[in-house]
Amino acid sequence: MSVLSVEGLGKSFSGLHAVRDVDLDVADQEFLGIIGPNGAGKTTLFSLLSGEQPPTSGRVIFDGTDITGWSADRTARAGLVRTFQLMRPFESMTVLENVTIAALSVRKSRKDARRHALEVLDRVQLSDQVGGVVSTMSTAGLKRLELARALAMEPRVVLLDEVLAGLVPAERAPMIDLLRSLHTAGQTVLFVEHIMAAVMALSERLVVMHEGAVLTSGDPRTVVEDPRVVEAYLGEETA
Ligand SMILES: Nc1ncnc2c1ncn2[C@@H]1O[C@H](COP(=O)(O)OP(=O)(O)O)[C@@H](O)[C@H]1O
Ligand SMILES: [Mg+2]
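Residues numbered from 1 in each chain as written. Chains lettered and ligands numbered in written order. Predicted model: local features only at pLDDT ≥ 70, side-chain atom pairs only at ≥ 80, totals over all residues. Heavy atoms only, no water.

K.L.:
Mind laying out the overall build of the protein chain, listing which residues take part and the relevant values?
P.N.:
From N to C terminus, the protein chain includes nine helices and 10 strands. A compact globule built from 239 residues would reach a C-alpha radius of gyration of about 18 Å, and the protein chain, at 18 Å, matches this within 12%. Taken along its principal axes, the extent of the C-alpha atoms in the protein chain is 50 × 40 × 35 Å. Looking at the protein chain as a whole, 48% of its 239 residues are labelled buried. Counting contacts in the protein chain only where the partners sit at least 6 residues apart, residues at least 24 apart contribute 65% of the total. Accessible surface for the protein chain amounts to roughly 11200 Å². Of this, 51% is attributable to carbon and sulfur atoms. For the protein chain, the distance from the average position of its 24 positive side-chain charges to the average position of its 31 negative side-chain charges is 7 Å. (Helix = DSSP H or I, 4+ residues; strand = E, 2+ residues; numbered from the N terminus. Rg over C-alpha atoms; globule rule 2.2 N^0.38 Å. Buried < 20%, exposed > 50% of the residue type's maximum accessible area, 1.4 Å probe, protein only. Contact = heavy atoms within 4.5 Å. Areas by Shrake-Rupley, 256 points an atom, 1.4 Å probe, with all protein chains shown as cover. Lys, Arg positive; Asp, Glu negative; His and termini not counted. Charge placed at Lys NZ, Arg CZ, Asp CG, Glu CD.)

K.L.:
Run through the sheet that holds strand β7 (residues 157-161), naming residues and quoting values.
P.N.:
Pairing in this open sheet of six strands is mixed, and the strands run β6-β7-β8-β3-β9-β10 from one edge to the other. The open sheet has two edge strands with one neighbour each: β6 (80-82) and β10 (213-218). Taken pair by pair, the neighbouring strands of this sheet meet at an average axis angle of 20°, ignoring direction. Looking at chain direction, β6 and β7 are connected through three bridges and run parallel. Its bridge partner lying in β7, L80 is registered against V157. (Pairing = 2+ DSSP bridges. Axes fitted to C-alpha atoms, helices over the stretch in contact; angles between N-to-C directions.)

K.L.:
Outline the pairing of strand β2 (residues 16-27), supporting the account with residue identities and numerical values.
P.N.:
The sheet contact formed by strand β1 (residues 2-13) and β2 spans eight bridges and is antiparallel. Note on β2: the bridge partner recorded for F13 is L16. Linkage of β1 to β2, two consecutive antiparallel strands, is achieved through a turn of two residues, within which S14 is found at a positive phi near 35°.

K.L.:
Which residues make up the site of ligand 1, and what values go with them?
P.N.:
Taken together, F13, L16, A18, P37, N38, G39, A40, G41, K42, T43 and T44 form the complete shell of residues around ligand 1. K42 places a polar side-chain atom, nitrogen or oxygen, 2.7 Å from an oxygen atom of ligand 1. For ligand 1, whose free accessible area comes to 560 Å², the fraction covered by protein is 59%. Sorting the residues of the shell around ligand 1 by element identifies β2 and α1 (42-49) as the ones contributing at least two each. No other element matches α1, which puts three residues into the shell around ligand 1. Taken together, the residues of the shell around ligand 1 sort by class into five nonpolar, five polar and one charged. (Near = heavy atom within 4 Å. Polar contact = N/O pair within 3.5 Å; in protein donor to acceptor, adjacent residues only side chain to side chain. Nonpolar A, V, L, I, M, F, W, Y, C, P; charged D, E, K, R; others polar.)

Structure (structure tokens):
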């Protein structure tokens, strides 16, 4: 059973096909990795899925409903949440206040939202920083906060665009463990990432994008050895 189905999805910016004719089915509880060289269209694909930008062609079916053209807000409330699409954290507020605001989209009272926020902060191991002010947090802390704000909305599907970017190597392993724990808990995840060790450690299936289109998809080990994939990345290094 697909929780998310994408049919012939496309986006062009005055003649440039950033995303072209993408078909994609995501199974419930799947951890799907999406890779591809810079400019392949990964972030634009996420923008189309999350309603941040309308597609120029194709359809997005989420949980059986055609959500093509829905606003980012409505899409997020329906349960398709992209970390990046959320508002920047409120710098002068505490970590708990920031997550409580996100939790208010799924909890009626402030008290329930606060309790839910505390649970989510525990899941992302930020319990020791609930009272901290966002402006003083490290990059690693901010990444966890960003994840917490998305999870607080109880997404059916979460879209993560380069959540490991900006982390030093020593900070990556704990973040990979955290993402793995989401998967174990049954969270459906679409994961765009450049750090291949993380992609290979987490992805059940891999989609490779190149020049806006899906180049290939399938078992991660098979996919990364595909000569067409190797060639797509070699092109990036030459450029
Ligand atoms: N708002 C925009 N206007 C014009 N071109 C864009 C816009 N957003 C992305 N693009 C172009 O679309 C292509 C895909 O970009 P992007 O989705 O960011 O790729 P990726 O995330 O895979 O690096 C690139 O050529 C990029 O320059
Ligand atoms: Mg990108």
